Amino acid sequence: MLMKKIVVKNAAGLHARPSSMLVQLASKFKSEFHIHMYGYRINAKSILGVMTLAAECGAELELELDGPDEKKAMKAIIELFDSGFNEMQKEKSR
Amino acid sequence: MNDQKYDPVLKAGEQLINGQAASPGYAIGCASLFNTSELVISTEPVDGMEVEAEYQQFIKARRIVVLELRKISEIASATDEEAHGIIQAQIQIAEDPELDKSIRRLIMERHYGADRAVNESFLYYIQLIKNTGNALMIDRIVDIRDIRDRLIRQIQHGELVSGVAEGSVVICDELMPSDILLFSRHKVIGIAANEGGLTAHATIIANSMGIPLVINAVGATRITSPGDMVVVDGVDGRLVVRPDASTLETYRREKERYTLELAESARIVELPSVTRCGREIVLRANIEFEEEFDNIRKYRARGIGLLRTESFFIEDEGLEEYYSKEAFFEKAVKAAAPDSVTIRLFDVGGDKFSDTTTKEPNPFLGWRGVRVLLDKRQLLRSQLTAIMNVAGRNPGKIRILVPMVSVVEEIIEIRREVAALTEKMRGNGKPFDENLEIGTMVEIPSAALIAGRLAEEADFFSVGTNDLTQYTLAVDRGNRLISKLFQQMHPAVFQLIKKTADAAIEKGISIEVCGELASNPDAALCLVGMGITDLSMSAASLPRVKKAIRKYSMLEMAELSQMVLDAATQDEVRLILDNWKKEKEGDFSR
């Protein structure tokens, strides 16, 4: 099992679109994926669960991955967070 | 132009609902009522032998709903990337593994009917999302309910009966994003909804698809019958049901005019903002809400000339919230890039503070703008900190504008605060913008009269014409008894602006006008004629101002402004303008 702390970087926070991207990415991996925040532990393959976190910019989350491809999954998920959910990229392409 | 508009005095037989304009344009046509029946959820327990079959009913319904959403999503991806994203998220919601667990448990263990299990499971999540208090998330609840209702309808074998006739105007309770896409496939020409929010995605989609929409038209579904003639006025936010012949005629004209204007402005948006002699005029946008950011690109504004910050305060009902607004400023900078954003410091009257006990006899001459900021240093510092943090990360992209400056000391004092905060940031090793510009609003006659001295302390001027008119003519613009005296084009107002412009030009600082006056094409000609080559206004007004400016040279506009400055009355100003334009049109060169 892997655990890692991470901070939400994109300005609007983990709103609907980033939540959707996160769940979509997580669903590609076999590993179980949970997020810890404010003492809650939610299934991060559940978009409704992720949305109930309403994690804003600057919020600190802890990622928990458990399964055969946990390392690969962790790397991909952290990349997604670090990219700010491609929000800036989206701006540019408009 | 205004006198042609629909006069909201009811004619015999017609009914008017005042709602909120959410997507501009006019639609005149027959009404279709959509989706107004309430869902009835079963309460009968399921027999213990039937629970697995009941759960399978949900699975089957979900498969159909997801297929239907995929179909809608295909239509959406061709027209609107954002809508496509919303529907993708809706598919994920329908297939959510935790939701599935919850529904299964309620059916298996509590013997709920599938529809009831779906309803209860969704309610749980909707409540949790409401509890977060996060506006962005709360706006998404409508998308979540949409999925819930689709699932329940499917389970109850109730087809999604739309009954929407092609080319009709839809009247509904609440709007779901996917509905709008279905509507557009039915070639719906306009929509009015009992409820809704400006930030809801349905609104965004209606805008991007160009369907006129009025929301919060309370009672719309109650007073409208299918087939009724209706008018959706997405400009002024009205729904007129069974309009009288003259109302209909007014709206037909209005619609025609609007269509022409749209075509015209689409053409003008692409043209450079230059005078006939080739001098560039900077046209910027006045912005208050995040939803308006897209307009900057849409209307090719050169950044944000006035970012209002008052709505934060009113919405949040507290100062503590201010800190979180850095994100908003950051987004504004992105939206304005590569141009800059001018942020006006918090500009409200003392009546907005709960701890004030003194009732001011003359609030407009009272504790407002910078006067409040200098007395509420904590508020001032928290706002400056937020702005300066963002400016530090985006040097040269932010300017600060100080409202309601009446004496030089006020701007000096604000500079002192900014300098102290800069030192603090330097000490903490935080990035800061060394050349952060601080400008003053010129909206009080005293500021205009001492503009030469003010220019020694300010980096730029921004003329606020609404307040300047109010204070110059001593007219409270909200007072109906004297509304005729609220004359923004009065020569006295122009004279004060001219004095300010002269001082700015002499001292070598920049000057712009960010008031309503700038959005009036005639007035804009006069302002440019005074040497003010930087105007900021609501983005939608930019094309018509640009159109006017492109017709004339700097010299011609300077001549015009001189005549206007010499006028005695506003009527005379209007006459001069009309005659001047006619004369110019007579020139065969245009």
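This structure is a prediction, so every number in the text was calculated from the model and none was measured.

**Regarding the overall build of chain A**
Link 1 in the chain: Along its length, chain A carries 4 helices and 4 strands.
Link 2 in the chain: Ordered by position in the sequence, the α and β elements of chain A form the string β-α-β-β-α-β-α-α.
Link 3 in the chain: Sequence separation of 24 or more characterises 71% of the internal contacts of chain A that already satisfy a separation of 6 or more.
Link 4 in the chain: Carbon and sulfur atoms make up 51% of the accessible area of chain A, which amounts to about 4,700 Å² in all.

**Some words on the overall build of chain B**
Link 1 in the chain: When you go through chain B residue by residue, the secondary structure sums to 24 helices and 16 strands.
Link 2 in the chain: Summarising the internal contacts of chain B: among those between residues at least 6 apart in sequence, 68% fall at separations of at least 24.
Link 3 in the chain: Accessible surface, chain B: about 26,700 Å² in total, of which carbon and sulfur atoms supply 51%.

**Here's the deal with the interface of chain A and chain B**
Link 1 in the chain: With 23 residues of chain A at the interface, the matching set in chain B holds 23 residues.
Link 2 in the chain: Among the residues of chain A in contact with chain B, L48(A), M51(A) and T52(A) are the three that bury the most area, contributing 28% of the side total.
Link 3 in the chain: Viewed at the interface, chain B and chain A are joined by 0 salt bridges.
Link 4 in the chain: Taken together, the elements giving at least two residues each to the side of chain A that touches chain B come down to α1 (16-26), α2 (47-53) and α4 (87-93) of chain A.
Link 5 in the chain: In the side of chain A that touches chain B, the residues fall into 10 nonpolar, 8 polar and 5 charged.

**Thoughts on the sheet that holds strand β4 (residues 60-66) of chain A**
Residues and elements named next belong to chain A.
Link 1 in the chain: Strand order in the open sheet made by the 4 strands is β1-β4-β2-β3, with antiparallel pairing throughout. Unpaired on one side and paired on the other, β1 (2-7) and β3 (40-43) mark the two borders of the sheet. Each strand axis lies, on average, 25 degrees off the axis of its neighbour in the sheet, ignoring direction.
Link 2 in the chain: One ladder, built from 5 bridges, connects strand β2 (residues 32-37) with β4; its direction is antiparallel. Looking across to β4, one finds that I35 is bridged to L63.
Link 3 in the chain: Relative to the sheet, helix α3 (residues 70-82) contacts β1, β2 and β4, its axis offset from that of β4 by approximately 155 degrees.

**Points about the packing of aromatic side chains**
Link 1 in the chain: This structure, assessed with the given rule, holds 8 aromatic pairs over all chains.
Link 2 in the chain: Between the aromatic rings of F81(A) and F85(A), the centroid separation amounts to 5.2 Å while the plane-to-plane angle is 70 degrees, which identifies the pairing as edge-to-face. There is no split in this pair, since F81(A) and F85(A) are both buried.
Link 3 in the chain: Joined through ring pairs, the aromatic side chains of Y26(B), Y251(B) and Y258(B) make up one cluster.
Link 4 in the chain: Between the NZ or CZ atom of R104(B) and the centre of the ring of Y55(B), over which it lies, the distance is 4.7 Å.
Link 5 in the chain: Note that R116(B) overlies the ring of Y112(B), its terminal NZ or CZ placed 3.9 Å from the centroid.

**Thoughts on the pairing of strand β14 (residues 460-463) of chain B**
All names here are of chain B.
Link 1 in the chain: Side chains F460 and S462 of β14 all project onto a buried face; the interleaved residues F461 and V463 project onto the opposite face, where all are buried too.
Link 2 in the chain: Two elements, strand β13 (residues 437-442) and β14, share 4 bridges in a ladder whose sense is parallel. Across the sheet, the residue bridging to G439 is F460, located in β14.
Link 3 in the chain: The pairing of β14 with strand β15 (residues 510-513) spans 4 bridges and is parallel.

**Topic: the sheet that holds strand β7 (residues 229-233) of chain B**
Backbone hydrogen bonds hold the strands of a sheet together, and the pairing may be parallel or antiparallel.
Residues and elements named next belong to chain B.
Link 1 in the chain: Ordered by their spatial adjacency, 8 strands build an open sheet running β1-β8-β7-β3-β4-β5-β6-β2, and the pairing between neighbours is mixed. Taken across any chain shown, the strands that pair with only one partner, and hence form the sheet edges, are β1 (15-18) and β2 (20-23). Direction aside, the axes of adjacent strands within the sheet are offset by 30 degrees on average.
Link 2 in the chain: Of the pairings in the sheet, the one linking strand β4 (residues 169-172) to strand β5 (residues 190-193) comprises 4 bridges and is parallel in character. Following the sheet pairing, V169 is matched in β5 by G190.
Link 3 in the chain: On top of the sheet, helix α10 (residues 245-269) reaches β3 (26-34), β7 and β8 (238-241); it is set at about 115 degrees to β3, its chief contact.

**Comments concerning the environment of N119(B)**
Residue and element names in this part refer to chain B.
Link 1 in the chain: Inspection of the secondary structure puts N119 in helix α4 (residues 114-132).
Link 2 in the chain: Note: C-alpha distance between N119 and R145 (26 residues apart in sequence) is 9.3 Å.
Link 3 in the chain: Residue contacts for N119: discarding those within four places in its chain leaves I41, R148 and I152.

**Here we look at the nonpolar core**
All names here are of chain B.
Link 1 in the chain: Grouped together as the largest cluster of nonpolar side chains are 94 residues, with contacts concentrated most on L307, F461, F494 and L535.
Link 2 in the chain: Looking at which element gives the most residues to this core, the answer is helix α15 (residues 377-393), with 8 residues.
Link 3 in the chain: Once residues lying within four places of it in the same chain are set aside, the contact partners of L307 are I287, F293, F328, F329, A332, V341, T342, I343 and R344.

**A closer look at the pairing of strand β11 (residues 341-344) of chain B**
Residue and element names in this part refer to chain B.
Link 1 in the chain: Every second residue of β11 is oriented toward a common face, with V341 and I343 on one face and T342 and R344 on the other, all of them buried.
Link 2 in the chain: Pairing of strand β10 (residues 304-307) with β11 involves 2 bridges; the strand directions are parallel. Bridged to L307 within β11 is I343.
Link 3 in the chain: Sheet topology note: the β11/strand β12 (residues 398-402) ladder contains 4 bridges and is parallel. When the sheet's bridge partners are listed, R344 is paired in β12 with L401.

**A few points about the pattern of salt bridges**
Between side chains of opposite charge, a pair can form when the charged atoms approach closely.
All names here are of chain B.
Link 1 in the chain: Applying the stated criterion to the full structure yields 39 salt bridges over all chains.
Link 2 in the chain: Of the charged contacts in the structure, one is a salt bridge between D502 and K498, with a shortest N-O distance of 3.0 Å. Of this pair, D502 and K498 both sit in helix α20 (residues 491-507), 4 residues apart, which is roughly one turn of the helix.
Link 3 in the chain: Residues participating in the shared-partner salt-bridge network are R284, R399, E437, E512 and D534.

**A word on α4(B)**
Residue and element names in this part refer to chain B.
Link 1 in the chain: Spanning 19 residues, α4 covers 28 Å between terminal C-alpha atoms, matching the ideal 27 Å at 1.5 Å per step.
Link 2 in the chain: When we look at burial in α4, the residues that qualify are A114, D115, A117, V118, N119, S121, F122, Y125, I126 and I129.
Link 3 in the chain: G133 sits one or two positions beyond α4 and adopts a positive phi of about 70 degrees.

**A closer look at the confidence of the model for chain A**
Residues and elements named next belong to chain A.
Link 1 in the chain: When pLDDT is averaged across chain A, the result is 88; 91% of the residues are at 70 or more.
Link 2 in the chain: Of all the helices and strands in chain A, α4 carries the lowest mean pLDDT, 46, while β2 carries the highest, 95.
Link 3 in the chain: Counting contacts from residues 89-94, a segment whose pLDDT is below 50, to residues more than four positions away or on other chains yields 6 contacts.

**Here's the deal with the packing of helix α3 (residues 97-110) of chain B against α4(B)**
Residues and elements named next belong to chain B.
Link 1 in the chain: Taken N-terminus to C-terminus, the directions of α3 and α4 make an angle of 135 degrees; their axes are 9 Å apart at the nearest point. Taken together, the axes of α3 and α4 lie oblique to each other. Every pair of crossing elements has a handedness; the one defined by α3 and α4 is right-handed. Along the contact surface, α3 presents E98, L99, S102, I103, L106 and I107, while α4 presents A114, A117, V118, E120, S121, F122 and Y125.

What counts, and at which threshold
- Along every chain, residues carry numbers that run from 1 in the direction the sequence is written.
- Labels are handed out in written order, letters beginning with A for the chains and numbers beginning with 1 for the ligands.
- The predicted origin of the model limits local features to residues at a pLDDT of at least 70 and limits the giving and counting of side-chain atom pairs to 80 or more, whereas totals for whole chains, interfaces and linings rest on all residues.
- Only hydrogens and water are set aside when side-chain values are computed; all heavy atoms of the structure are taken into account.
- What counts as a helix is a DSSP run of H or I of at least four residues, what counts as a strand is a run of E of at least two, and both are numbered from the N terminus.
- Should any heavy atoms of two residues lie within 4.5 Å, those residues are considered in contact.
- Per-residue accessibility takes into account occlusion by the displayed protein chains alone, with areas from the Shrake-Rupley method and a 1.4 Å probe.
- Summed over both partners, the accessible area lost on bringing two parts together, with a 1.4 Å probe, is the buried area.
- In what follows, salt bridge is the name for a side-chain nitrogen of Lys or Arg lying within 4 Å of a carboxyl oxygen of Asp or Glu.
- Note on residue categories: nonpolar means Ala, Val, Leu, Ile, Met, Phe, Trp, Tyr, Cys or Pro, charged means Asp, Glu, Lys or Arg, and polar means any other residue, Gly included.
- Pairs of strands are assigned from DSSP output, requiring at least two bridges between the strands.
- The angle between two axes is taken between their N-to-C directions and runs from 0 to 180 degrees, where each axis is a line fitted to C-alpha atoms and a helix contributes only its stretch in contact.
- Pairing of aromatic rings covers Phe, Tyr and Trp, the last counted by its six-membered ring, and requires centre-to-centre distances within 6.5 Å; plane angles under 30 degrees mean stacked, over 60 mean edge-to-face, and any other angle means tilted.
- Here's how the labels work: a residue is buried when its accessible area is under 20% of the maximum for its type, exposed when over 50%, partly exposed in between, all with a 1.4 Å probe on protein chains only.
- Consider the ring centre and the ring normal. A charge sits over the ring if Lys NZ or Arg CZ is within 6 Å of that centre and within 35 degrees of that normal.
- By nonpolar core is meant a set of buried Ala, Val, Leu, Ile, Met, Phe, Trp, Tyr and Cys residues that side-chain atoms within 4.5 Å join together.
- Take the number of residues in a helix, subtract one, and multiply by 1.5 Å to get its expected span.
- A residue's pLDDT is the predictor's confidence in that residue, given on a scale from 0 to 100.
- In these notes the angle categories are as follows: under 35 degrees is roughly parallel, over 145 is roughly antiparallel, 65 to 115 is roughly perpendicular, and the rest is oblique.
- Whether a crossing is left-handed or right-handed is set by the direction in which the near helix is turned from the far one by less than a right angle, anticlockwise for left-handed and clockwise for right-handed.

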